[in-house]
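Observations on the model geometry
What follows is each chain in one-letter form.
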Amino acid sequence: MQSHDVDYRILGNDIQVLEVELDPNETVIAEAGAMVYMDEAIAFETKMGDGSEPDQGLMGKIFSAGSRMLTGESLFMTHFTHRGGSGKSRVAFSAPYPGTILPLDLRMLPQGLIVQKDGFLAAARGTKLAIHFNRRLGAGFFGGEGFILQKLTGDGKAFIHAGGTIIEKQLNNELLRVDTGCVVAFEPSIDFDIVRAGGLKSMIFGGEGLLLATLRGTGRVWLQSMPVKKLIQALMPAGGNARKESGGLFGSLLDE
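Residues numbered from 1 in each chain as written. Predicted model: local features only at pLDDT ≥ 70, side-chain atom pairs only at ≥ 80, totals over all residues. Heavy atoms only, no water.

As annotated in an unreviewed UniProt entry, the protein carries the name TIGR00266 family protein and is attributed to Hymenobacter roseosalivarius DSM 11622.

Quick word on the side chain of E187
Basically, it comes down to this: Runs of E in the DSSP output that reach at least two residues are strands. Runs of H or I that reach at least four are helices, and both are numbered from the N terminus. As used in this structure description, the phrase polar contact means that two N or O atoms lie within 3.5 Å; if the pair is within protein, one of them must be able to donate a hydrogen and the other to accept it, and residues adjacent in sequence are counted only when both atoms belong to side chains. Throughout, a residue-residue contact means that at least one pair of heavy atoms, one from each residue, lies within 4.5 Å.
Along the chain, the position of E187 falls in the loop between β15 (183-186) and β16 (190-196). Of note is the side chain of E187, whose polar atom sits 2.8 Å from the backbone nitrogen of R220. For E187, the residues in contact, after removing those within four places along its chain, are L109, L113, G219, R220 and W222.

Notes on the pattern of salt bridges
Pairing between side chains becomes possible if they bear opposite charge and their charged atoms approach one another. The cut-off we apply is this: We define a salt bridge as a contact between a side-chain nitrogen of Lys or Arg and a carboxyl oxygen of Asp or Glu at a distance within 4 Å. Partly exposed residues are those whose accessible area sits between 20% and 50% of the maximum for their type, while under 20% is buried and over 50% is exposed, using a 1.4 Å probe and protein chains only.
Applying the stated criterion across every chain yields a total of 10 salt bridges. Note that D105 and R107 form a salt bridge whose closest N and O atoms lie 2.9 Å from each other. Residue D105 is classed as partly exposed on the basis of its relative accessible area of 24%. Classification of R107 by relative accessible area gives exposed; the value is 52%. By sharing partners, the salt bridges in this structure join D7, D23 and K88 into a single network.

Observations concerning a nonpolar patch on the surface
The condition that has to hold: Like charges are joined within 9 Å and nonpolar side chains (Val, Leu, Ile, Met, Phe, Trp, Tyr) within 5 Å, but only among residues with over 30% relative accessible area and no salt bridge; these make up the patches. What sets the accessible areas is the Shrake-Rupley method with a 1.4 Å probe; for residues, cover comes only from the shown protein chains.
The grouping of M35, V36 and Y37 at the surface amounts to a nonpolar patch, some 230 Å² of accessible area in total. Topologically, Y37 is positioned in strand β4 (residues 35-38). In this structure Y37 comes out as partly exposed when scored by relative accessible area, which is 33%.

Focus on the sheet that holds strand β3 (residues 27-31)
Threshold: Two strands form a pair only when DSSP identifies at least two bridges running between them. The angle between two axes is taken between their N-to-C directions and runs from 0 to 180 degrees, where each axis is a line fitted to C-alpha atoms and a helix contributes only its stretch in contact.
Sheet architecture is open: six strands sit in the order β5-β6-β3-β10-β13-β8, paired in antiparallel fashion. The sheet is open, and its two borders are formed by β5 (42-47) and β8 (99-105), each paired with just one other strand. Between one strand and the next, the sheet's axes are offset by a mean angle of 20°, whatever the strand orientation. Looking at chain direction, β3 and strand β6 (residues 77-82) are connected through five bridges and run antiparallel. Paired with T27 across the two strands is T81, which belongs to β6.

Quick look at the structure:
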(Lines give C-alpha, C1' and ligand atoms only; values in the text may rest on other atoms or scores of the structure.)
Protein backbone atom coordinates (compact mmCIF):
# COMPACT_ATOMS: atom_id res chain seq x y z
CA MET A 1 0.00 0.00 0.00
CA GLN A 2 1.35 3.40 -0.97
CA SER A 3 -0.81 6.39 -0.11
CA HIS A 4 -0.41 9.75 -1.80
CA ASP A 5 1.79 12.11 0.22
CA VAL A 6 -0.44 15.16 0.68
CA ASP A 7 0.30 18.39 2.54
CA TYR A 8 -2.30 20.18 4.63
CA ARG A 9 -3.12 22.97 7.04
CA ILE A 10 -6.02 23.36 9.47
CA LEU A 11 -7.77 26.73 9.51
CA GLY A 12 -9.77 28.18 12.39
CA ASN A 13 -10.16 27.31 16.03
CA ASP A 14 -13.66 26.30 17.11
CA ILE A 15 -15.18 25.51 13.71
CA GLN A 16 -12.25 24.25 11.69
CA VAL A 17 -11.59 23.78 7.98
CA LEU A 18 -9.06 21.32 6.53
CA GLU A 19 -7.14 22.62 3.49
CA VAL A 20 -5.24 19.94 1.54
CA GLU A 21 -2.48 20.86 -0.90
CA LEU A 22 -2.01 18.49 -3.84
CA ASP A 23 0.79 18.05 -6.36
CA PRO A 24 -0.15 17.06 -9.93
CA ASN A 25 -2.00 13.69 -10.01
CA GLU A 26 -2.26 13.48 -6.23
CA THR A 27 -5.69 12.58 -4.86
CA VAL A 28 -7.50 13.01 -1.57
CA ILE A 29 -10.74 11.19 -0.73
CA ALA A 30 -13.51 12.70 1.39
CA GLU A 31 -17.05 12.16 2.55
CA ALA A 32 -19.66 13.32 0.04
CA GLY A 33 -20.67 16.91 0.75
CA ALA A 34 -17.60 17.80 2.83
CA MET A 35 -15.94 20.07 0.25
CA VAL A 36 -15.87 23.82 0.99
CA TYR A 37 -13.76 25.18 -1.90
CA MET A 38 -11.21 24.03 -4.46
CA ASP A 39 -8.80 25.52 -6.99
CA GLU A 40 -9.48 25.45 -10.73
CA ALA A 41 -7.07 22.58 -11.41
CA ILE A 42 -8.87 20.24 -9.00
CA ALA A 43 -11.15 17.69 -10.65
CA PHE A 44 -13.52 15.58 -8.59
CA GLU A 45 -15.32 12.32 -9.18
CA THR A 46 -17.84 10.45 -7.06
CA LYS A 47 -17.03 6.76 -6.78
CA MET A 48 -17.94 3.64 -4.89
CA GLY A 49 -15.10 2.77 -2.57
CA ASP A 50 -12.00 4.51 -1.29
CA GLY A 51 -9.69 3.73 -4.23
CA SER A 52 -7.21 1.79 -2.07
CA GLU A 53 -7.66 -1.29 -4.30
CA PRO A 54 -7.62 -0.07 -7.92
CA ASP A 55 -8.06 -3.59 -9.31
CA GLN A 56 -11.08 -4.35 -7.15
CA GLY A 57 -14.00 -5.77 -9.13
CA LEU A 58 -17.55 -4.46 -9.26
CA MET A 59 -18.84 -6.84 -6.59
CA GLY A 60 -16.03 -5.86 -4.26
CA LYS A 61 -16.85 -2.18 -4.73
CA ILE A 62 -20.55 -2.83 -4.11
CA PHE A 63 -19.76 -4.78 -0.93
CA SER A 64 -17.41 -2.05 0.30
CA ALA A 65 -19.96 0.69 -0.41
CA GLY A 66 -22.76 -1.35 1.16
CA SER A 67 -20.75 -1.85 4.35
CA ARG A 68 -20.33 1.94 4.59
CA MET A 69 -24.10 2.29 4.56
CA LEU A 70 -24.23 0.17 7.72
CA THR A 71 -22.20 2.86 9.47
CA GLY A 72 -24.71 5.51 8.37
CA GLU A 73 -22.35 7.04 5.81
CA SER A 74 -23.00 7.78 2.13
CA LEU A 75 -22.81 4.97 -0.40
CA PHE A 76 -20.25 7.02 -2.37
CA MET A 77 -17.02 8.86 -1.68
CA THR A 78 -15.64 11.85 -3.58
CA HIS A 79 -12.11 11.70 -5.05
CA PHE A 80 -10.39 15.08 -5.60
CA THR A 81 -7.37 15.04 -7.95
CA HIS A 82 -4.97 17.75 -9.10
CA ARG A 83 -5.27 17.54 -12.91
CA GLY A 84 -3.09 20.56 -13.68
CA GLY A 85 0.25 20.24 -15.39
CA SER A 86 2.38 21.83 -12.66
CA GLY A 87 2.34 23.64 -9.34
CA LYS A 88 0.14 22.96 -6.37
CA SER A 89 -3.62 23.17 -6.00
CA ARG A 90 -5.81 23.18 -2.91
CA VAL A 91 -9.12 21.74 -1.84
CA ALA A 92 -10.76 22.35 1.54
CA PHE A 93 -13.20 20.35 3.65
CA SER A 94 -15.30 20.89 6.75
CA ALA A 95 -17.39 18.63 8.94
CA PRO A 96 -21.19 18.97 9.20
CA TYR A 97 -21.10 20.33 12.77
CA PRO A 98 -18.72 22.49 14.88
CA GLY A 99 -15.65 20.85 16.31
CA THR A 100 -11.99 19.96 15.90
CA ILE A 101 -10.13 18.22 13.07
CA LEU A 102 -7.48 15.69 14.11
CA PRO A 103 -4.68 14.90 11.60
CA LEU A 104 -3.16 11.43 11.91
CA ASP A 105 -0.19 9.79 10.19
CA LEU A 106 -1.24 6.17 9.66
CA ARG A 107 2.42 5.13 9.29
CA MET A 108 2.62 5.64 13.06
CA LEU A 109 -0.40 3.35 13.52
CA PRO A 110 0.63 0.09 11.83
CA GLN A 111 -2.39 -1.78 13.23
CA GLY A 112 -4.73 0.91 11.96
CA LEU A 113 -7.24 2.99 13.88
CA ILE A 114 -10.81 2.31 14.99
CA VAL A 115 -13.03 5.38 14.47
CA GLN A 116 -16.62 6.12 15.43
CA LYS A 117 -19.00 5.67 12.52
CA ASP A 118 -19.31 9.39 11.67
CA GLY A 119 -15.76 10.47 12.55
CA PHE A 120 -14.01 10.15 9.18
CA LEU A 121 -13.55 13.39 7.21
CA ALA A 122 -10.83 12.89 4.56
CA ALA A 123 -7.64 10.98 3.77
CA ALA A 124 -4.91 10.62 1.20
CA ARG A 125 -5.78 8.19 -1.57
CA GLY A 126 -4.52 4.74 -0.63
CA THR A 127 -6.14 4.82 2.80
CA LYS A 128 -8.48 1.86 3.28
CA LEU A 129 -11.79 2.35 5.07
CA ALA A 130 -13.45 -0.83 6.29
CA ILE A 131 -16.36 -1.63 8.56
CA HIS A 132 -15.43 -2.85 12.03
CA PHE A 133 -17.88 -4.84 14.16
CA ASN A 134 -17.35 -4.74 17.90
CA ARG A 135 -17.68 -8.32 19.13
CA ARG A 136 -18.13 -7.40 22.78
CA LEU A 137 -21.44 -8.60 24.19
CA GLY A 138 -22.42 -5.26 25.72
CA ALA A 139 -21.85 -3.25 22.54
CA GLY A 140 -23.65 -5.84 20.44
CA PHE A 141 -26.62 -6.12 22.80
CA PHE A 142 -27.22 -2.40 23.12
CA GLY A 143 -26.31 -1.69 19.47
CA GLY A 144 -25.87 1.85 18.20
CA GLU A 145 -22.76 3.54 19.54
CA GLY A 146 -19.82 1.21 19.83
CA PHE A 147 -21.22 -1.69 17.80
CA ILE A 148 -20.62 -0.64 14.18
CA LEU A 149 -17.39 1.33 13.74
CA GLN A 150 -14.89 2.13 10.96
CA LYS A 151 -11.28 0.98 10.67
CA LEU A 152 -8.68 3.10 8.86
CA THR A 153 -5.46 1.51 7.62
CA GLY A 154 -2.71 2.76 5.34
CA ASP A 155 0.59 4.63 5.25
CA GLY A 156 -0.55 8.18 4.61
CA LYS A 157 -2.41 10.99 6.32
CA ALA A 158 -6.01 10.71 7.50
CA PHE A 159 -8.24 13.30 9.13
CA ILE A 160 -11.03 12.66 11.58
CA HIS A 161 -13.51 15.09 13.06
CA ALA A 162 -14.84 15.43 16.60
CA GLY A 163 -17.31 17.72 18.32
CA GLY A 164 -15.90 20.31 20.70
CA THR A 165 -12.38 19.67 21.99
CA ILE A 166 -10.36 16.49 21.33
CA ILE A 167 -8.68 14.87 24.33
CA GLU A 168 -5.94 12.28 23.69
CA LYS A 169 -5.25 9.80 26.49
CA GLN A 170 -2.63 7.07 26.77
CA LEU A 171 -3.82 3.98 28.65
CA ASN A 172 -1.26 1.64 30.21
CA ASN A 173 -3.16 -1.52 31.11
CA GLU A 174 -5.87 0.73 32.56
CA LEU A 175 -9.65 1.05 32.45
CA LEU A 176 -11.34 4.30 31.44
CA ARG A 177 -15.12 4.85 31.63
CA VAL A 178 -16.54 7.37 29.17
CA ASP A 179 -19.89 8.70 28.03
CA THR A 180 -20.76 6.51 25.03
CA GLY A 181 -20.98 9.44 22.61
CA CYS A 182 -17.62 10.89 23.61
CA VAL A 183 -15.45 8.15 22.11
CA VAL A 184 -13.94 9.33 18.80
CA ALA A 185 -11.20 6.79 18.04
CA PHE A 186 -8.90 4.24 19.64
CA GLU A 187 -6.11 1.86 18.72
CA PRO A 188 -7.05 -1.79 18.02
CA SER A 189 -5.15 -2.87 21.15
CA ILE A 190 -7.89 -1.24 23.26
CA ASP A 191 -10.84 -3.40 24.32
CA PHE A 192 -14.06 -1.39 23.91
CA ASP A 193 -17.36 -2.31 25.53
CA ILE A 194 -20.64 -0.70 26.61
CA VAL A 195 -22.00 -1.36 30.10
CA ARG A 196 -24.88 -0.26 32.30
CA ALA A 197 -24.33 3.05 34.09
CA GLY A 198 -24.66 2.18 37.78
CA GLY A 199 -27.88 1.46 39.66
CA LEU A 200 -31.45 2.20 38.63
CA LYS A 201 -31.59 5.58 40.38
CA SER A 202 -28.35 6.74 38.77
CA MET A 203 -29.49 5.53 35.36
CA ILE A 204 -32.81 7.40 35.51
CA PHE A 205 -31.95 10.57 37.42
CA GLY A 206 -28.19 10.91 37.16
CA GLY A 207 -28.22 12.75 33.85
CA GLU A 208 -25.38 10.59 32.44
CA GLY A 209 -27.60 8.26 30.40
CA LEU A 210 -28.29 4.56 30.72
CA LEU A 211 -24.95 3.33 29.36
CA LEU A 212 -21.24 3.99 29.67
CA ALA A 213 -18.39 3.01 27.37
CA THR A 214 -15.40 1.22 28.87
CA LEU A 215 -11.94 1.37 27.29
CA ARG A 216 -9.46 -1.14 28.68
CA GLY A 217 -5.88 -2.04 27.77
CA THR A 218 -2.73 -0.34 26.52
CA GLY A 219 -2.86 2.19 23.72
CA ARG A 220 -4.15 5.61 22.76
CA VAL A 221 -7.75 6.78 22.76
CA TRP A 222 -9.24 10.04 21.51
CA LEU A 223 -12.32 11.58 23.13
CA GLN A 224 -14.59 14.50 22.19
CA SER A 225 -16.11 16.99 24.63
CA MET A 226 -19.27 17.75 22.63
CA PRO A 227 -20.67 14.86 20.58
CA VAL A 228 -23.30 15.88 18.04
CA LYS A 229 -26.11 14.30 20.08
CA LYS A 230 -25.33 16.55 23.05
CA LEU A 231 -25.10 19.57 20.77
CA ILE A 232 -28.56 18.84 19.35
CA GLN A 233 -30.00 18.36 22.84
CA ALA A 234 -28.46 21.63 24.03
CA LEU A 235 -29.98 23.52 21.08
CA MET A 236 -33.47 22.09 21.61
CA PRO A 237 -35.78 24.61 23.33
CA ALA A 238 -35.41 24.09 27.10
CA GLY A 239 -34.34 20.50 26.38
CA GLY A 240 -31.27 20.32 28.58
CA ASN A 241 -32.60 22.56 31.37
CA ALA A 242 -35.91 20.75 31.60
CA ARG A 243 -34.15 17.44 31.88
CA LYS A 244 -31.82 18.69 34.59
CA GLU A 245 -34.61 20.28 36.58
CA SER A 246 -36.70 17.12 36.35
CA GLY A 247 -33.79 14.97 37.47
CA GLY A 248 -33.05 17.31 40.34
CA LEU A 249 -36.68 17.37 41.50
CA PHE A 250 -37.22 13.61 41.45
CA GLY A 251 -33.75 13.02 42.83
CA SER A 252 -34.63 15.20 45.85
CA LEU A 253 -37.88 13.31 46.38
CA LEU A 254 -36.05 10.01 46.39
CA ASP A 255 -33.59 11.26 48.96
CA GLU A 256 -36.40 12.15 51.36
